[in-house]
Amino acid sequence: MEIASQKVHKSAVMDAYEHDEQFNKTFYDYTTHSADSYPERLTELNSRAFQRQELASTIRTYMEPFGISDAAAAHLDELSNDGVVVIGGQQAGLLTGPLYSVHKAITVILLAKQRRNEMGVPVIPVFWVAGEDHDLGEINHVFTEQDGRPVKQQYPERFVLKTMASHTEYDGEQMADYIRLVFRDYEETAYTKELLDGVLYSAKQEQTFTGFFVRLMNDLFQKHGLLFIDSADKSLRKLESVYFQKLIAESEAIAEKVVMKERLFEEQGFGTPIQAAEDAAHLFYVHDTGRVLLSRKGDSFVNESAGIRFSTAELLEIAVEKPWLLSNNVATRPLMQDMVFPVLAFVGGPGEIAYWSLLKDAFNHLDMKMPILVPRISITLVTSETQHALEKSELTVDEVMAGEVISRRAQFLDQQRDVELEKLLQETEGMIQAQYNEMEQHIADKDLKSLAEKNRTYHLRQLNYLKDKAEDALLRKYAAAIRNYSLIEGDLYPERNLQERTYTPYPFLNVYGPTLIDDLLKASLPINGQHVVIYL
């Protein structure tokens, strides 16, 4: 593997996060730029109480069906004692979802290892699966590449209710057919059959979107001791009971803190990431018809469209007796995560770091500091075939990501055109137009003039037909070169989007082989927020 850094456009938030000291002081408790951040955060964590043994037991029970490696077992033992965690999370996408889920897990593992070595304390990598999310439209599809273009392959089964991904069961036969359909778009390699069989086996072993996701991810990262927990796991919910009670009791203050911080965020030109409302409870209730968002109305928690109303006392009773009926939203999930886990650092993408900017005062209100936020590693993988196409087309990855493929392809075709033929076709069109214009000056009869205009249209149509055929012949002659341009764009910058936001890891595992994840983790990737290009 060869590694190169790559400049890509960053959001205003990420630019400020990386370079603006005042921005960091305003919206975060720690920064990655300060050498004191990690020791200070560790001291803070040591001053707080965590249900360590119960948490480790909950994760162990959750992970047992997927398989617990020796490395993961050792991490669980450390967590039950005095270990701290580096944590990141993602929704449970099909075939792991987009590559950035894998990149996030890689960052979590590398950062935990780095901090362990530098601080001399057990730092454990954890992946928090947002299985409580109910927007299946965000996770029920993958993209494959066809003729240099990303094509959306949507899982066909329909789900009417807004059930959480962890509770949504798929049809085993439909899922198997869907997986085979996706793999048909991959080229046949020495690894394809084993890879396909492994994915089909994982789908057969599971019933829900979250279970399928975790089994695949656990297989990819098993050697590295990455721990997994589902935010919707019933045992975890029981552990969270006391924290739900706190979030309910402080919901009005939390909502106020978030609203005020978002106003400040907007005033500084960074927008409104979550459009927080003053009456938000920032909690969901798991209803018979699905997961519904609660708001505060006086002393009640309501969802009027679903006909749900709880008094504060009633909701607190649910938190005590049936906490699995409660669920966090985007604002309270980070708070819950920090109450459950001794979080040294949180690994997030640009969107997460933006909305975490609104939560500092909410953390502080609950007598916590926000953990250190570390941007996940961003990666573009370049296969040997794509690298060869880059060389043939005399393009660099920089130029591809600058959007130059279309203009360079047009430039290439222009260089191959028969200039004399195009000149003659243009002159011929001019002559036809001129001759018919002159003829029409001598035609007085209305019907004859109409006939002349039809003849003109016919001759121009025939000329355009000849032009189109000349263009087709050009495209056929240089089809291989044109395919190179399409391949480059489709692989590296599909629809002017980063590769990691479009494709799953499986087309790359199919080409590179099953050691791809292990080799990436050995590659000394920089954890500095820069985009990295890796030539496989």
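Residues numbered from 1 in each chain as written. Predicted model: local features only at pLDDT ≥ 70, side-chain atom pairs only at ≥ 80, totals over all residues. Heavy atoms only, no water.

### Describing the overall build of the protein
Here is step 1: In terms of helices and strands, the protein carries 24 helices and 15 strands.
Here is step 2: C-alpha atoms of the protein, sized along the principal axes, occupy 95 × 55 × 55 Å.
Here is step 3: Taken across its 536 residues, the protein has 54% of its residues classed as buried.
Here is step 4: In the protein, once contacts between residues fewer than 6 apart in sequence are set aside, the share between residues at least 24 apart is 75%.
Here is step 5: Counting every atom, the protein has about 25,100 Å² of accessible surface; 48% of that belongs to carbon and sulfur.
Here is step 6: Positive and negative side-chain charges in the protein, numbering 55 and 81 respectively, have mean positions lying 1 Å apart. (Helix = DSSP H or I, 4+ residues; strand = E, 2+ residues; numbered from the N terminus. Buried < 20%, exposed > 50% of the residue type's maximum accessible area, 1.4 Å probe, protein only. Contact = heavy atoms within 4.5 Å. Areas by Shrake-Rupley, 256 points an atom, 1.4 Å probe, with all protein chains shown as cover. Lys, Arg positive; Asp, Glu negative; His and termini not counted. Charge placed at Lys NZ, Arg CZ, Asp CG, Glu CD.)

### Side note on the environment of Ser-37
Here is step 1: Along the chain, the position of Ser-37 falls in helix α3 (residues 37-46).
Here is step 2: Not counting residues up to four positions away in its chain, the partners in contact with Ser-37 are Tyr-30, Thr-31 and Ile-372.

### So, the pattern of salt bridges
Here is step 1: Summed over the entire model, instances satisfying the criterion amount to 29 salt bridges.
Here is step 2: A salt bridge links Arg-263 to Glu-278, with the nearest nitrogen and oxygen atoms 2.7 Å apart. Of this pair, Arg-263 sits in helix α12 (residues 251-267) while Glu-278 sits in the loop between α12 and β7 (280-287), placing them 15 residues apart in sequence.
Here is step 3: Across the pair Glu-500 and Arg-376 runs a salt bridge, and its minimum N-O distance is 3.0 Å. Of this pair, Glu-500 sits in the loop between α22 (479-492) and α23 (506-512) while Arg-376 sits in the loop between β13 (372-375) and β14 (378-382), and the two are 124 residues apart along the sequence. (Salt bridge = Lys/Arg side-chain N within 4 Å of Asp/Glu carboxyl O.)

### Thoughts on the nonpolar core
Here is step 1: Counting 135 residues, the largest nonpolar core has Leu-95, Met-175, Ile-179, Phe-212, Phe-221, Phe-341 and Tyr-506 as the members making the most contacts within it.
Here is step 2: The biggest single contributor to this core is helix α6 (residues 99-119), with nine residues.
Here is step 3: Sequence-distant contacts of Ile-179, that is, excluding residues within four places in its chain, are made with Leu-95, Leu-196, Val-199, Leu-200, Ala-203 and Phe-212.
Here is step 4: Of all hydrophobic cores here, the second largest spans 20 residues; its members include Val-382, Val-397, Tyr-478 and Leu-492. (Core = buried A, V, L, I, M, F, W, Y, C linked by side-chain atoms within 4.5 Å.)

### Concerning the layout of surface pockets
Here is step 1: In this structure, the largest pocket spans a volume of roughly 910 Å³.
Here is step 2: Among the secondary structure elements, those contributing two or more residues to the lining of the largest pocket are β2 (84-90), α6, β7, β8 (290-297), α14 (332-340) and α15 (350-356).
Here is step 3: If one sorts the elements of the lining of the largest pocket by residue count, α15 sits on top with five residues.
Here is step 4: Its residues assigned to classes, the lining of the largest pocket comprises 17 nonpolar, 13 polar and nine charged. (1 Å grid on protein atoms, 1.4 Å probe; cavity = no way out; pocket = protein on both sides within 12 Å on 5 of 7 lines; lining within 4 Å. Points joined across faces, edges and corners; volume = space filled by probe spheres on them. Nonpolar A, V, L, I, M, F, W, Y, C, P; charged D, E, K, R; others polar.)

### Considering empty space enclosed by the protein
Here is step 1: With the rule as written, the count across this model stands at one cavity of 30 Å³ or more.
Here is step 2: Lining the largest cavity are Leu-99, Val-102, His-103, Leu-381, Pro-505, Leu-516, Ile-517 and Leu-520.
Here is step 3: Sorting the residues of the lining of the largest cavity by element identifies α6 and α24 (516-521) as the ones contributing at least two each.
Here is step 4: In terms of residue class, the lining of the largest cavity is made up of seven nonpolar, one polar and no charged.

### Looking at the packing of aromatic side chains
Here is step 1: Inspection of every chain in the model, using the stated rule, returns 21 aromatic pairs.
Here is step 2: Centroid distance Phe-23 to Phe-265: 6.4 Å. Interplanar angle 45 degrees. Geometry classified as tilted. Residue Phe-23 is found in helix α2 (residues 21-27), and its partner Phe-265 is found in helix α12; the two are separated by 242 residues along the sequence. Here the two residues Phe-23 and Phe-265 agree in accessibility, since each one is buried.
Here is step 3: Taken together, Tyr-17, Phe-23, Phe-27, Tyr-28, Phe-265 and Phe-270 form an aromatic cluster joined through their ring pairs.
Here is step 4: Sitting above the plane of the Trp-324 ring, Lys-234 keeps its charged end 4.3 Å from the centroid. (Phe/Tyr/Trp six-rings, centres within 6.5 Å; stacked < 30°, edge-to-face > 60°. Lys NZ or Arg CZ within 6 Å of the ring centre and 35° of its normal.)

### Description of helix α7 (residues 172-183)
Here is step 1: Here α7 spans 17 Å end to end across 12 residues, near enough to the 16 Å set by a 1.5 Å rise per residue.
Here is step 2: Burial in α7 covers these residues: Met-175, Ala-176, Tyr-178, Ile-179, Val-182 and Phe-183. Buried residues of α7 fall within an arc of 160 degrees about the axis and therefore sit on the same side.
Here is step 3: As for α7, its buried residues are in contact with β4 (141-146), β5 (149-154), α8 (192-205), α9 (209-221) and α23.
Here is step 4: Measuring from the side-chain oxygen of the N-cap residue of α7 to the backbone nitrogen of Glu-173 gives 3.2 Å; that N-cap residue is Asp-171. (Expected span 1.5 Å × (residues − 1). Arc of directions from axis to C-beta. Polar contact = N/O pair within 3.5 Å; in protein donor to acceptor, adjacent residues only side chain to side chain.)

### Some points on the side chain of Thr-107
Here is step 1: Within the fold, Thr-107 resides in helix α6.
Here is step 2: The class of Thr-107 is buried, set by a relative accessible area of 0%.
Here is step 3: In this structure, Thr-107 is in contact with Val-347, Pro-375, Arg-376, Ile-377 and Ile-527, ignoring residues within four places of it in sequence.

### Brief notes about α9
Here is step 1: The terminal C-alpha atoms of α9, which comprises 13 residues, lie 18 Å apart, in line with the 18 Å expected from a rise of 1.5 Å per residue.
Here is step 2: The element α9 is largely enclosed, with a buried count of 12 among its 13 residues.
Here is step 3: Of all the positions in α9, only Phe-209, Thr-210, Gly-211, Phe-212, Phe-213, Val-214, Arg-215, Leu-216, Met-217, Asn-218, Leu-220 and Phe-221 are classed as buried.

### Section: the environment of Ala-479
Here is step 1: Turning to its location among the elements, Ala-479 is positioned in helix α22.
Here is step 2: A residue is classified by how much of its surface remains accessible, and Ala-479, at 39% relative accessible area, is partly exposed.
Here is step 3: Considering only alpha carbons, one finds Ala-479 and Asn-303, 176 residues apart in sequence, at a separation of 58 Å.

None of the figures reported here should be taken as evidence of function without further support.
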